[in-house]
Amino acid sequence: SYEKATRAEYAQYKSRNIEDKIAIVTGANTGIGKATVLELVKRGATVILACRNPLLGEVAMKEIRSKTQAGKMVSDYSISLFSGVCVCVEFCFVV
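Residues numbered from 1 in each chain as written. Predicted model: local features only at pLDDT ≥ 70, side-chain atom pairs only at ≥ 80, totals over all residues. Heavy atoms only, no water.

Student: I would appreciate a short explanation of helix H2 (residues 31–42) in the present structure.
Tutor: Along an α-helix, residues three or four apart share an orientation, since each turn contains 3.6 residues. The end-to-end C-alpha separation of H2 is 17 Å, in line with the 16 Å expected for 12 residues at 1.5 Å each. Buried within H2 we find Gly 33, Lys 34, Val 37, Leu 38, Leu 40 and Val 41. The secondary structure elements touched by the buried residues of H2 are strand E1 (22–26), strand E2 (46–50), helix H3 (54–67) and strand E3 (72–74). (Helix = DSSP H or I, 4+ residues; strand = E, 2+ residues; numbered from the N terminus. Expected span 1.5 Å × (residues − 1). Buried < 20%, exposed > 50% of the residue type's maximum accessible area, 1.4 Å probe, protein only. Contact = heavy atoms within 4.5 Å.)

Student: What am I meant to see in the sheet that holds E2 here?
Tutor: To summarise the sheet geometry, strands pair through backbone hydrogen bonds and adopt either a parallel or an antiparallel arrangement. The strand order across the open sheet formed by 3 strands is E1-E2-E3, and the pairing between neighbours is parallel. Among the strands making up the open sheet, the edge pair consists of E1 and E3. Averaged over all pairs of adjacent strands, the angle between strand axes in this sheet comes to 25°, irrespective of strand direction. Helix-sheet contacts for H2 involve E1, E2 and E3, and the interaxial angle to E1 is about 165°. Contacting E2 and E3, H3 crosses the sheet at an angle of about 170° to E3. (Pairing = 2+ DSSP bridges. Axes fitted to C-alpha atoms, helices over the stretch in contact; angles between N-to-C directions.)

Student: For this particular structure, what's the right way to read the packing of H2 against H3?
Tutor: Between two packed helices, the angle of one axis relative to the other and the distance separating the axes together describe the packing. Contact geometry of H2 with H3 gives a least axis separation of 10 Å together with a crossing angle of 40°. It follows from the interaxial angle that H2 and H3 lie oblique. Regarding H2 and H3, the two cross each other, and that crossing is right-handed. Along the contact surface, H2 presents Lys 34, Val 37 and Leu 38, while H3 presents Ala 60, Glu 63, Ile 64 and Lys 67. Here the residues of the contact of H2 with H3 are counted per class, giving 4 nonpolar, no polar and 3 charged. (Parallel < 35°, antiparallel > 145°, perpendicular 65-115°, else oblique. Left-handed = near helix turned anticlockwise from the far one by under 90°. Nonpolar A, V, L, I, M, F, W, Y, C, P; charged D, E, K, R; others polar.)

Rendered as structure tokens:
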């Protein structure tokens, strides 16, 4: 069953350090995806911005980087091509 988190539980979850984690966020150049990347980067995660258009991913990455210096971001992958997905997956196994 669904349990509501208390404010204290949410604050504890939100403050948890995730520097050892790698996250892949699709649609990372706009909307909820972009907001998700910002929060993960603030918490120290390595985030792969998976976008259909790598140029828009790069623009989003620069904007996010201007808001925070924490974490690492990579946006060189175009998920519109299967080869981009393969390179992205290989990166995750190397890191």
